[in-house]
Amino acid sequence: LPRVTGIASCETRENDWCNVVTCHVGESSAYVWHLKKAAIGQHVLTPPQSSPDAPAPAVTAVAISPCGNTALVATEKGSIDKFNMQSGIHRE
């Protein structure tokens, strides 16, 4: 993966599922990590595109809710998307 540009973590659920999320230079997805296992997680958090023909915008910022259940992923186009940390599913 390219250089990390943003990172967020939460200790609340570290024994249950991934508890770190990162964004990287030029990447259109964010990546989850399990700090306790020192390993990348199985989910990749990719914000939905507004148009299938447009290039996917890069992810520029990430955050995790204090409860550790939700990741927020922001793109260079100004969108902010919410994902479940346990399942990786995009939430409306």
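Computed from a prediction, not measured in an experiment: that's the story for all the values here.

Definitions and limits used
Residues numbered from 1 in each chain as written. Predicted model: local features only at pLDDT ≥ 70, side-chain atom pairs only at ≥ 80, totals over all residues. Heavy atoms only, no water. Pairing = 2+ DSSP bridges. Helix = DSSP H or I, 4+ residues; strand = E, 2+ residues; numbered from the N terminus. Polar contact = N/O pair within 3.5 Å; in protein donor to acceptor, adjacent residues only side chain to side chain. Axes fitted to C-alpha atoms, helices over the stretch in contact; angles between N-to-C directions. Core = buried A, V, L, I, M, F, W, Y, C linked by side-chain atoms within 4.5 Å. Buried < 20%, exposed > 50% of the residue type's maximum accessible area, 1.4 Å probe, protein only. Contact = heavy atoms within 4.5 Å.

A. Expanded view of the pairing of strand β4 (residues 39–45). Pairing of strand β3 (residues 30–34) with β4 involves 4 bridges; the strand directions are antiparallel. Within β4, the residue paired with Tyr31 across the bridge is Val44. What sits between the antiparallel neighbours β3 and β4 is a turn of 4 residues, in which Ala38 has the positive phi angle 55°.

B. Main features of the environment of His34. Note that His34 resides in strand β3. Along the backbone, His34 and Gln86 are 52 residues apart, and their C-alpha atoms lie at a distance of 11 Å. A polar atom in the side chain of His34 sits 3.2 Å from the backbone oxygen of Glu14.

C. Representation of the sheet that holds strand β1 (residues 4–9) in the model. Taken in spatial order, the 4 strands make up an open sheet running β1-β2-β3-β4, and their pairing is antiparallel. The open sheet is flanked by β1 and β4, the only strands paired with a single partner. Here the average twist between neighbouring strands, direction ignored, is 25°.

D. Structural context of the sheet that holds strand β8 (residues 90–91). Strand order in the open sheet made by the 4 strands is β5-β6-β7-β8, with antiparallel pairing throughout. Since the sheet does not close on itself, it has two edges, and those belong to β5 (59–64) and β8, each with one partner. Relative to strand β7 (residues 80–84), strand β6 (residues 70–75) runs antiparallel, the two sharing 5 bridges. Counterpart to Ala74 in the pairing with β7 is Ile80.

E. Geometry of the nonpolar core. Ranked by internal contacts, the top residues of the largest apolar core, which has 16 residues, are Val21, Ala30, Leu45, Val62 and Met85. Those elements that place two or more of their residues in this core are β2 (20–24), β3, β5 and β6. With 3 residues, the top contributor of residues to this core is β5. Not counting chain neighbours up to four residues away, the residues in contact with Val62 comprise Gly6, Ile7, Ala8, Val21, Thr22, Cys23, Ala30 and Leu72.

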